[in-house]
Each structure stands twice: as C-alpha cells, then as structure tokens.
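Topology and contacts: notes
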Amino acid sequence: MEAWITDWMNQFGYLGVFLLILAENIFPPIPSEVILTLGGFMTTTTSMTKFGIIIASTAGSVIGAAILYGIGLLLDVERLEKIVGKYGKFLRLTIKDIHKADAWFDKYGVWAVFFGRLVPLVRSLISIPAGMSNMKFGLFLLFTTLGTLIWNTVLVSVGAAVGDNWDEIVGYMDIYSNIVYAIIAIGGIAFLIWYFKKRD
C-alpha cells in the first residue's frame, strides 16, 4: 500500500494528498497514519512543503467529515425512533434510550467531535452521530477542523523529522491504533453487559 500511496502523491502532489485523506475519512480502513507520515517524509525529497500537505490533508479530512455528517442528518433521531418503535423489543432498546443518547451528545458533542478526531477509527465515525444529533454545522466544522489540524500537523511533522525512518513511526501508530481498538472493543462489551444486566 505504501508504494501505491507514494506513486499517487508523486503523480498528483497536494491534490493526491487531498483525495487520499478525503477517501480515508469516508473509508476508515485506509490508514491516515501512513498517508500523513509518508507525506511528511516526502517534503524532504520533493517540492511539497509541510504547510501545503497539512492544508491539503486538513481540507480533505474536513470535507470527508462533512459528508459523514450529512449521512448522520439522514439518520436523524426521528428515524431512529421509528426503527426502535418497530424493532426495539428485539434490540432491547427504547425510544427513551435514544433520547438519552441524543441528550448526552447535545451536552458533550463538541468535545466528543474534537477529541474523536485524535482517535483512529473514531475520528471518521464521530461525524455520523454529530449529524444525527443535529449539532450546529458551524460548531461541528470548527471542532472537526481543530482536532484534524492537530492530528495532521503532528503526523506530517513527525514524518518530515524522521525522514527515511517514517515507516517506524507508522509501526508505532499501528500499536497505538491496536490499543485503541482493543479499548473500544472492551468498553463496548462492558457497556453491553452492564446495559443488559440493568434491563433484566
């Protein structure tokens, strides 16, 4: 995959970075860690600059997040209520549960979006509940951009600093990602156990 990403960015430059990160936001399995650290390294071997890559990647990320936010708008609370009203007894969910989750996101959503942009996998998917809860689009864009800018700046800068050893950083990021995935999985299982015990 690294060779393909390198060829793409060599051929299309900043536009390539923009499109790769846009795709990464909509299809999370594409690793932004590889794109950004490799992009940082390429600032030492091509005419591309750190600033240019950070701006291109941030623009791609924010547009990708806005698309997922739009998908969230289509899956609004009212539609979820209809789904839960019809299938809730099988899912063991109630409309009250939907309202609780929506209220939580109304209260803490901006911080969930901001910090979510710093967490692998979550950084893309957090845009969907933001849309579902009808978070103000301006606030969503602001906190998405801030979180994304931090993530992109760190990885591009690290990639530029380590040069040829950028792939070692990707290895460390893989470890970080795997730890995060494990925590999410354990947390999800623990929540489901707690939730179903509470309902019994």
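What this report covers is the structure whose coordinates are included nearby. Given the structure is predicted, the values throughout are model-derived calculations rather than measurements.

What follows deals with the overall build of the protein chain. Scanning the protein chain from N- to C-terminus turns up nine helices and zero strands. In sequence order, the protein chain lays out its α and β elements as α-α-α-α-α-α-α-α-α. Counting over 200 residues, the protein chain shows a buried share of 42%. For the protein chain, contacts bridging at least 24 residues in sequence account for 77% of all contacts bridging at least 6. Carbon and sulfur atoms form 72% of the exposed surface of the protein chain, whose accessible area is close to 10900 Å².

Of note, Asn152 is situated in helix α8 (residues 137-162). Discounting chain neighbours no more than four positions away, the residues touching Asn152 are Leu36, Ile54, Ser57, Thr58 and Arg123.

This paragraph deals with the packing of aromatic side chains. Taken as a whole and judged by the stated rule, the model has eight aromatic pairs. Pairing Tyr69 with Phe137 gives two aromatic rings, centres 5.1 Å apart and planes at 50°, and the pair type is tilted. Of this pair, Tyr69 sits in helix α3 (residues 50-74) while Phe137 sits in helix α8, and the two are 68 residues apart along the sequence. Here Tyr69 falls in the buried class, since its relative accessible area comes to 6%. Each residue in the set Trp111, Phe114, Phe115 and Phe143 is aromatic and connected to the rest through ring pairs, giving one cluster.

With that settled, consider the nonpolar core. In terms of nonpolar packing, the biggest core is built from 20 residues, with Ile5, Met9, Val17, Leu36, Leu38 and Met42 touching the most fellow members. In terms of residues, this core owes the most to one element, helix α1 (residues 2-26), which gives seven residues. In contact with Leu36, not counting residues within four places along its chain, are Ile21, Ser57, Trp151, Asn152, Leu155 and Val156. Core analysis: the second largest hydrophobic core is formed by 12 residues, Ala112, Val113, Phe114 and Ile126 among them.

Contact pair helix α2 (residues 32-42) / α8: the axes reach a minimum separation of 6 Å and the direction vectors enclose 50°. Judged by the inter-axis angle, α2 sits oblique to α8. The interaxial crossing formed by α2 with α8 has right-handed handedness. Between α2 and α8, the contacting residues are Ser32, Glu33, Leu36, Thr37, Gly40 and Phe41 on the first element and Trp151, Asn152, Leu155, Val156, Gly159 and Ala160 on the second. The class makeup of the residues in the contact of α2 with α8 is six nonpolar, five polar and one charged.

Here the focus is the environment of Ile55. Looking at the element boundaries, Ile55 is found in helix α3. Owing to a relative accessible area of 43%, Ile55 belongs among the partly exposed residues under this scheme. In this structure the C-alpha to C-alpha distance between Ile55 and Tyr14, which are 41 residues apart in sequence, comes to 8.8 Å.

What counts, and where the lines are drawn
- Residues numbered from 1 in each chain as written.
- Predicted model: local features only at pLDDT ≥ 70, side-chain atom pairs only at ≥ 80, totals over all residues.
- Heavy atoms only, no water.
- Helix = DSSP H or I, 4+ residues; strand = E, 2+ residues; numbered from the N terminus.
- Buried < 20%, exposed > 50% of the residue type's maximum accessible area, 1.4 Å probe, protein only.
- Contact = heavy atoms within 4.5 Å.
- Areas by Shrake-Rupley, 256 points an atom, 1.4 Å probe, with all protein chains shown as cover.
- Phe/Tyr/Trp six-rings, centres within 6.5 Å; stacked < 30°, edge-to-face > 60°.
- Core = buried A, V, L, I, M, F, W, Y, C linked by side-chain atoms within 4.5 Å.
- Axes fitted to C-alpha atoms, helices over the stretch in contact; angles between N-to-C directions.
- Parallel < 35°, antiparallel > 145°, perpendicular 65-115°, else oblique.
- Left-handed = near helix turned anticlockwise from the far one by under 90°.
- Nonpolar A, V, L, I, M, F, W, Y, C, P; charged D, E, K, R; others polar.

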